[in-house]
Amino acid sequence: MTAGLPMAVPEQELPPRIRIHEVGARDGLQNEKTVVPTEVKSEFIHRLAHAGLTTIEATSLVRPDRVPQLADAERLFPLLGDLKGVALPVLVPNARGLERAMALGVRRIAVFASATESFAKANLNRTVDESLAMFAPVVARAREDRMHVRGYLSMCFGDPWEGPVPIHQVVRIAKALLDLGCDELSLGDTIGVATPGHVQTLLSELNEEGVPTNALGVHFHDTYGQALANTLAALQHGVTTVDSSAGGLGGCPFAKSATGNLATEDLVWMLDGLGVETGVDLGRLTATSVWLADRLGRPSPSRTVTALSHKE
């Protein structure tokens, strides 16, 4: 890595600091063809924390037969108890998942809804409204226990079965999730078809319907190479929470056209150049992704990882 690069040229219209919601250990590893050993997952999360990431989604408490790559949640989470000052949310699909989370001492959970009927059926085997009804008691009970609740909303920009998703449809379900009691909402471009104008229009429509920008995060996949452009559009709108995955890991096991997430290294490189603080040490983060790629037996798809790890 060449000292002094990228050169920071701040843009005044952007937030001075953002929070990266790192999803590599959950959304990334759930899409691997082989099961990653629990000890490797634990070290991966510890390395991410040592690189400066303060929100790291640790795992998912789902049925092992549905996502076997994350079947070790009860073994993994106790190995992370020494990570002080790091938020370790877990994804819970239903009341049973919440019970498992509470037994582990989890303090931050996430629920996963869909903006389209097709994906709700594929992912949860329920309609959109049935899934919201299922989440209602989960969110209520979590809030009673003073847990932080994040709501994921997938397929906000396009669906592999239904095509374009009407913005009013996304807004309705986003508001419903917040009305249930979610503390924040992550808007997902699950198959990576969003473009910057679409992003800004959706954010503006949500604001017009009473959803504040500070309750929103964005989650972009890089299927068509638009993830960084879409992220910049969201930041220009005032969004300060961005989901990304170390090394560009990820996809979605229930939407085969979903490719990798926005790589955290690519995001940090852009933000360093824009003078936006993240608290992340890019060198340590890159070394972490190279380390994990060696264990996965394949190179990282992150452009920044490739560039910074190139041996002259």
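Note that this is a predicted model, so its numbers are computed, not measured.

Here is what the cut-offs are and how they apply
Residues numbered from 1 in each chain as written. Predicted model: local features only at pLDDT ≥ 70, side-chain atom pairs only at ≥ 80, totals over all residues. Heavy atoms only, no water. Salt bridge = Lys/Arg side-chain N within 4 Å of Asp/Glu carboxyl O. Helix = DSSP H or I, 4+ residues; strand = E, 2+ residues; numbered from the N terminus. Buried < 20%, exposed > 50% of the residue type's maximum accessible area, 1.4 Å probe, protein only. 1 Å grid on protein atoms, 1.4 Å probe; cavity = no way out; pocket = protein on both sides within 12 Å on 5 of 7 lines; lining within 4 Å. Points joined across faces, edges and corners; volume = space filled by probe spheres on them. Pairing = 2+ DSSP bridges. Contact = heavy atoms within 4.5 Å. Axes fitted to C-alpha atoms, helices over the stretch in contact; angles between N-to-C directions. Nonpolar A, V, L, I, M, F, W, Y, C, P; charged D, E, K, R; others polar. Core = buried A, V, L, I, M, F, W, Y, C linked by side-chain atoms within 4.5 Å. Right-handed = clockwise from strand over helix to strand, strands pointing away.

Draft legend 1. Local environment of the pattern of salt bridges. For the coordinates displayed, the defined rule picks out 17 salt bridges. With a shortest N-O distance of 2.3 Å, Arg298 and Glu32 are connected by a salt bridge. Here the residue Arg298 occupies a position in the loop between α11 (282-296) and α12 (303-308), and Glu32 occupies one in the loop between α1 (24-28) and α2 (38-50), the gap between them amounting to 266 residues. Classification of Arg298 by relative accessible area gives partly exposed; the value is 32%. The buried category is assigned to Glu32, whose relative accessible area is 9%. For the salt bridge of Asp65 with Arg63, the shortest nitrogen-to-oxygen distance reads 2.6 Å. By the burial criterion, Asp65 is exposed, and Arg63 matches it. Here the salt bridges share partners, and the residues they tie into one network are Arg19, Arg150, Glu184 and Asp243.

Draft legend 2. Quick peek at the layout of surface pockets. Roughly 310 Å³ of volume is contained in the second largest pocket. Contributing to the lining of the second largest pocket are 15 residues, with Asp222, Gly260, Asn261, Asp266 and Pro301 lying nearest its centre.

Draft legend 3. Expanded view of the sheet that holds strand β3 (residues 59-60). Ordered by their spatial adjacency, nine strands build an open sheet running β2-β1-β9-β8-β7-β6-β5-β4-β3, and the pairing between neighbours is parallel. Strands at the two margins of the open sheet, each flanked by one partner only, are β2 (55-56) and β3. As judged from the seven bridges shared by strand β5 (residues 108-114) and strand β6 (residues 148-154), these two strands associate in the parallel manner. Residue pairing in the sheet places Ala110 in a bridge with Arg150 of β6. Of the strands in this sheet, β5, β6 and β7 (184-189) touch helix α7 (residues 167-180), which is tilted by about 165 degrees from β6.

Draft legend 4. Region of interest: empty space enclosed by the protein. Scanning all chains against the criterion turns up two cavities of 30 Å³ or more. Taken as a whole, the largest cavity holds about 70 Å³ of empty space. In terms of lining, the largest cavity is formed by Phe44, Ala246, Gly247, Leu249, Ser289, Leu292, Ala293, Leu296, Arg298, Pro299, Ser300 and Pro301. Per-element tally for the lining of the largest cavity: the top contributor is α11, with four residues. In terms of residue class, the lining of the largest cavity is built from eight nonpolar, three polar and one charged.

Draft legend 5. Spatial organisation of the side chain of Asp72. Mapped onto the secondary structure, Asp72 falls in the loop between β3 and α3 (73-76). Setting aside chain neighbours within four positions, we find Asp72 in contact with Val36, Thr38 and Lys41.

Draft legend 6. Structural context of the nonpolar core. Ranked by size, the top nonpolar core spans 86 residues in total, and within it Phe44, Ile45, Leu88, Val90, Ile109 and Leu153 carry the most contacts. Core analysis: the next-biggest nonpolar cluster, separate from the first, contains eight residues, Ala110, Phe119, Tyr152 and Met155 among them.

Draft legend 7. The pairing of strand β9 (residues 241-244), seen in detail. A two-sided burial pattern is seen for β9, the buried positions comprising Thr241 and Asp243 on one face and Val242 and Ser244 on the other. Pairing of strand β8 (residues 216-220) with β9, which is carried by two bridges, proceeds in the parallel orientation. Residue pairing in the sheet places His219 in a bridge with Asp243 of β9. With helix α9 (residues 227-237) bridging β8 and its parallel neighbour β9, the resulting β-α-β unit is right-handed.

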